[in-house]
Amino acid sequence: MQEVSKLNHIKSLKCKKCGREYLPIKTYVCEECFGPLEVAYNYNSIELNRKSFQNRPNTVWRYFELLPVQDKTKIVDLGAGYTILHKCNRLAKALGLKKLYAKDDSVNPTYSFKDRPATVAASKALEFHAKAFGAASTGNLAAAVAAHAAKAGLSCYVFIPADIEPNKIVQASAYGAKIVAIKGTYDDANRLAAQAAETYDWAFANINIRPYYVEGSKTLAFEVCEQLGWKTPDHVVVPIGSGALLCAIQRGFNQFKKLNLIEDTKIRVSGAQPSGCAPVVNAFKNKSNDVTPIEYPDTIAKSLAVGDPGSGLDAVETIRQSGGIAETATDTEILDAIKLLAKTEGIFTEPAGGVTVAVLKKLVESGEISPDEKVVCYVTGNGLKATEAILHHIPEPVEIEPNLGSFAKTFNLEVKKWQK
Ligand SMILES: *Cc1c(COP(=O)(O)O)cnc(C)c1O
Ligand SMILES: [Zn+2]
C-alpha cells in the first residue's frame, strides 16, 4: 500500500475477507478475493469525547470525523439526520414492553433514512470529480440521491424496478434525476446500473462508491446513544433490504465503544424482512452460511424487495454475533403494524416500518425479546410515499350533509333538542 500518509482520518479501504488494504479511491471489491471493501479509520488521529458534540450541527455531519469525507468543502448537506427518538409509551404497553423507543427517520429531507448514506455518497462523488452521480434503488434511495445531486449540481441517473410506488418515482423525477425504469426486479436494475457506472466512469452511491455510502447509516447508532444520554439500548430492531443498514448500525455502536464514548455493553441486533422476500431470515433460520437469492420478490414492502442482498451474509453474521434474531412479517401483519404504530404513537410509516414493528411484536410475543429490555425500533421511511399499500385497509371517510343533524346521525351521537 502506498501514499496513504497524505490522508488524515481515513486510513484505507480494507477487504473484509482477506484484509488487503487499498487506497481510498473509487472502488469497492478486493482484486485478490472479490470480498467487499470497508473504510478503515486512523483512530489515533480521531480525538472525540462526549463534549465534542455540544456545539455541532444537528445533522449527520456532527460526526464528521467518523464519516469518510476528507474535504469539508465538498459536503452536500440537505440536513439529513438527528431525527427524533420517540419514547413510545402507548406502543410499549400494547406490545408488553417497558421501555420502547422509535427512531423516526421518516422525517428526513426526502422522507427516508436513505438521506444519511446519500449525503455521504454525494459528497464523495464531488471529491472524486465524478461527471454523474446515481444509484440502483428500490425507491427511497432514488429520491435521496436525486435530491442530493440537485443540491450538488450533479447530473443524476437512478435505476429502479418499473413497478415501485408512483410517489417515489414522482419525487425522484421532480428533483431532476433521469429515471431509468427497468422491466424487471431490483436485482436487474442493480446489474444494469453497475454496468453503466463502470462504462461511463460515474459514481453510483450503492455500487462503486458503496464502501463510503454505507458509512452514512452508522449515524443511526451514534444518534441513539446521544439521545439516550450516552447509554445504549439492549436491543435494536432493524429492517433489512440489502443488509447494509443493519451492518452499519452495528458498526456505529462498535465505533462509539472503540472511542470510549459509550460503555462496553452488549446490544442485540435483530433483523426484519417481509415474508415475500426474506433471504437473510431464511439463512439465519437454516443456520446456513449461504444467502440463497429470491428470484421474484412478492411483498408490499417494496423498499425491502432485494432478492440478492449485497450485504446479506454480513447481516446474518452480525445478527448471530450480537445474539439477535431474524424474523419475517406477512403483508397482513405489515399493514396491521403500520396502523398500530400510527394509532398509538402518531407515526405514519411506509411498509418497511410496518415490517419492523410487526417483527418487534412477534419477537415480544415469542419471548425472544424480554419485557425488561430497552428496545429501539428503527422506522426508516414515510407512509406518504406508499399510500396505495394501505388505502383499502383503512376506513373510507363518510360523506354527510353540512349540518349537525346529519353529523349526529352518522356518528351515533345524541341529538340535542335545539338541533332541528
Ligand atoms: C433501503 C431501505 C431499507 C433497507 O436498507 P438496506 O441498507 O437496503 O438493508 C429499509 N427501509 C427503508 C425505508 C428503505 O428505503
Ligand atoms: Zn480480499
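Residues numbered from 1 in each chain as written. Chains lettered and ligands numbered in written order. Predicted model: local features only at pLDDT ≥ 70, side-chain atom pairs only at ≥ 80, totals over all residues. Heavy atoms only, no water.

*Asks:* What is the right way to read the sheet that holds strand β12 (residues 326-329) from this model?
*Replies:* Strand pairing within a sheet occurs via backbone hydrogen bonds; the two strands may be parallel or antiparallel. On the basis of which strands lie adjacent, the open sheet formed by six strands has the order β4-β5-β13-β10-β11-β12 and mixed pairing. Lying at the two open borders of the sheet, with one neighbouring strand each, are β4 (85-87) and β12. On average, each strand axis in the sheet is tilted by 25° relative to the strand beside it, whichever way the strands run. Both strand β10 (residues 235-239) and strand β13 (residues 374-379) contribute to a ladder of three bridges, which runs parallel. Across the sheet, the residue bridging to V236 is V376, located in β13. (Pairing = 2+ DSSP bridges. Helix = DSSP H or I, 4+ residues; strand = E, 2+ residues; numbered from the N terminus. Axes fitted to C-alpha atoms, helices over the stretch in contact; angles between N-to-C directions.)

*Asks:* What is the right way to look at the coordination of the zinc ion (ligand 2) in this model?
*Replies:* The reference angle at a metal is 109.5 degrees if four donors form a tetrahedron and 90 or 180 degrees if six donors form an octahedron. Around the zinc ion (ligand 2), the protein supplies C15 (SG), C18 (SG), C30 (SG) and C33 (SG) as donor atoms, at distances of 2.3 Å. In primary sequence terms, the donor set of the zinc ion (ligand 2) follows C-x2-C-x11-C-x2-C. Of this pair, C18 sits in the loop between β1 (10-15) and β2 (21-22) while C30 sits in the loop between β2 and β3 (37-41), and the two are 12 residues apart along the sequence. With relative accessibility at 1%, the residue C30 sits in the buried group. (Donors = N, O, S within 2.8 Å, 3.2 Å for Na, K, Ca; no water. Buried < 20%, exposed > 50% of the residue type's maximum accessible area, 1.4 Å probe, protein only.)

*Asks:* Is there a simple way to explain the site of ligand 1 in this structure?
*Replies:* Ligand 1 sits among 16 residues. The nearest are K114, N140, S242, G243 and T380. With respect to ligand 1, the side chain of N140 contributes an N or O atom lying 2.8 Å from an oxygen atom. In the environment of ligand 1, an oxygen atom lies 2.8 Å from a nitrogen or oxygen atom belonging to the backbone of S242. If you map ligand 1 onto the pockets, it falls in the largest cavity. Of the residues in the shell around ligand 1, the class split is seven nonpolar, seven polar and two charged. (Near = heavy atom within 4 Å. Polar contact = N/O pair within 3.5 Å; in protein donor to acceptor, adjacent residues only side chain to side chain. 1 Å grid on protein atoms, 1.4 Å probe; cavity = no way out; pocket = protein on both sides within 12 Å on 5 of 7 lines; lining within 4 Å. Sits in = over half its atoms within 2 Å of the grid points. Nonpolar A, V, L, I, M, F, W, Y, C, P; charged D, E, K, R; others polar.)

*Asks:* I keep staring at unusual backbone geometry and nothing clicks. Help me out?
*Replies:* Note: most peptide bonds trans; most residues except glycine with negative phi. Even without glycine at this site, W230 takes up a positive phi of about 65°. Within the secondary structure, W230 is located in the loop between α7 (219-227) and β10. Look at W230 and you get buried, because its relative accessible area is 16%. One non-glycine residue, N412, lies in positive phi territory at about 55°.

*Asks:* Hey, could you run me through a nonpolar patch on the surface in this one?
*Replies:* A contiguous nonpolar surface patch, about 520 Å² in accessible area, is contributed by V398, I400, L404, F407, F411 and L413. Mapped onto the secondary structure, I400 falls in the loop between α13 (387-390) and α14 (404-410). (Patch = residues over 30% accessible without salt bridge, like charges linked within 9 Å, V, L, I, M, F, W, Y side chains within 5 Å. Areas by Shrake-Rupley, 256 points an atom, 1.4 Å probe, with all protein chains shown as cover. Salt bridge = Lys/Arg side-chain N within 4 Å of Asp/Glu carboxyl O.)

*Asks:* What am I meant to see in the layout of surface pockets here?
*Replies:* Summary: where empty space remains is shown by rolling a probe the size of a single water molecule over the atoms. Within this model, the largest pocket holds a volume of roughly 960 Å³. Every residue lining the largest pocket is counted, 35 residues in all, and those nearest its centre are P36, R210, P309, G310 and S311. Those elements that place two or more of their residues in the lining of the largest pocket are β3, α5 (186-200), α6 (210-213), α8 (244-258) and α10 (312-322). In terms of residue count, α5 provides more of the lining of the largest pocket than any other element does, five residues in total. When its residues are assigned to classes, the lining of the largest pocket shows 17 nonpolar, seven polar and 11 charged. Formed jointly, the lining of the largest pocket draws a minimum of three residues from each of two domains, domain 1 (1-46) and domain 2 (85-111 + 214-393). Of the voids in this model, the second largest pocket is the one considered here, and its volume is about 490 Å³. Considering the residues around the second largest pocket, the lining is formed by 20 residues, among which K16, E38, C247, R251 and N254 are closest to the centre. Of all the secondary-structure elements, those providing two or more residues to the lining of the second largest pocket are β1, β3, α8 and α10. (Points joined across faces, edges and corners; volume = space filled by probe spheres on them. Domains from an automatic or database assignment.)

*Asks:* What should I look at first to understand helix α12 (residues 351-365) in this one?
*Replies:* Residues three or four positions apart in an α-helix share a direction because the helix packs 3.6 residues into each turn. In this model α12 runs 21 Å from its N-terminal to its C-terminal C-alpha over 15 residues, within 8% of the 21 Å that 1.5 Å per residue would give. Within α12, 12 of the 15 residues are buried, leaving the element largely enclosed by the surrounding structure. Once α12 finishes, G367 follows within two positions and takes phi at roughly 85°, a positive value. (Expected span 1.5 Å × (residues − 1).)

*Asks:* Would you mind showing me how to read the environment of V145 here?
*Replies:* Inspection of the secondary structure assignment puts V145 in helix α3 (residues 140-152). Separated by 27 residues in sequence, V145 and A172 place their C-alpha atoms 8.1 Å apart. Aside from chain neighbours lying at most four places away, what touches V145 is A118, F133, G134, A135, C156, V158 and A205. (Contact = heavy atoms within 4.5 Å.)

*Asks:* So what exactly am I meant to see when it comes to empty space enclosed by the protein here?
*Replies:* Going through the model one piece at a time under the given rule, you end up with one cavity of 30 Å³ or more. Space inside the largest cavity adds up to approximately 320 Å³. Residue lining of the largest cavity: 28 residues in total, with F113, K114, Y213, S242 and S303 positioned closest to the centre. By residue class, the composition of the lining of the largest cavity is 14 nonpolar, 11 polar and three charged.

*Asks:* Sorry, what's going on with α10 here?
*Replies:* Of the positions making up α10, those classed as buried are G312, A315, V316, T318, I319 and S322. Projected down its long axis, α10 shows its buried positions confined to an angular sector of 165°, all on one face. Turning to α10, the residues buried within the fold contact α8, β11 (268-274), α9 (279-285) and β12. Downstream of α10 by a residue or two, G323 has a phi angle that is positive, lying close to 80°. (Arc of directions from axis to C-beta.)

*Asks:* What exactly am I supposed to notice about the nonpolar core here?
*Replies:* Buried together is how nonpolar side chains tend to be arranged in soluble globular proteins. With 109 residues, the main nonpolar core has L100, F133, V145, F256, L360 and Y378 as its most contacted residues. Examining the composition of this core, we find that eight residues originate from one element, α12, more than from any other. Two domains each put at least three residues into this core: domain 1 (1-46) and domain 2 (85-111 + 214-393). Y186, A189, I207 and V306 belong to the second largest nonpolar core, which has 13 residues in total. (Core = buried A, V, L, I, M, F, W, Y, C linked by side-chain atoms within 4.5 Å.)

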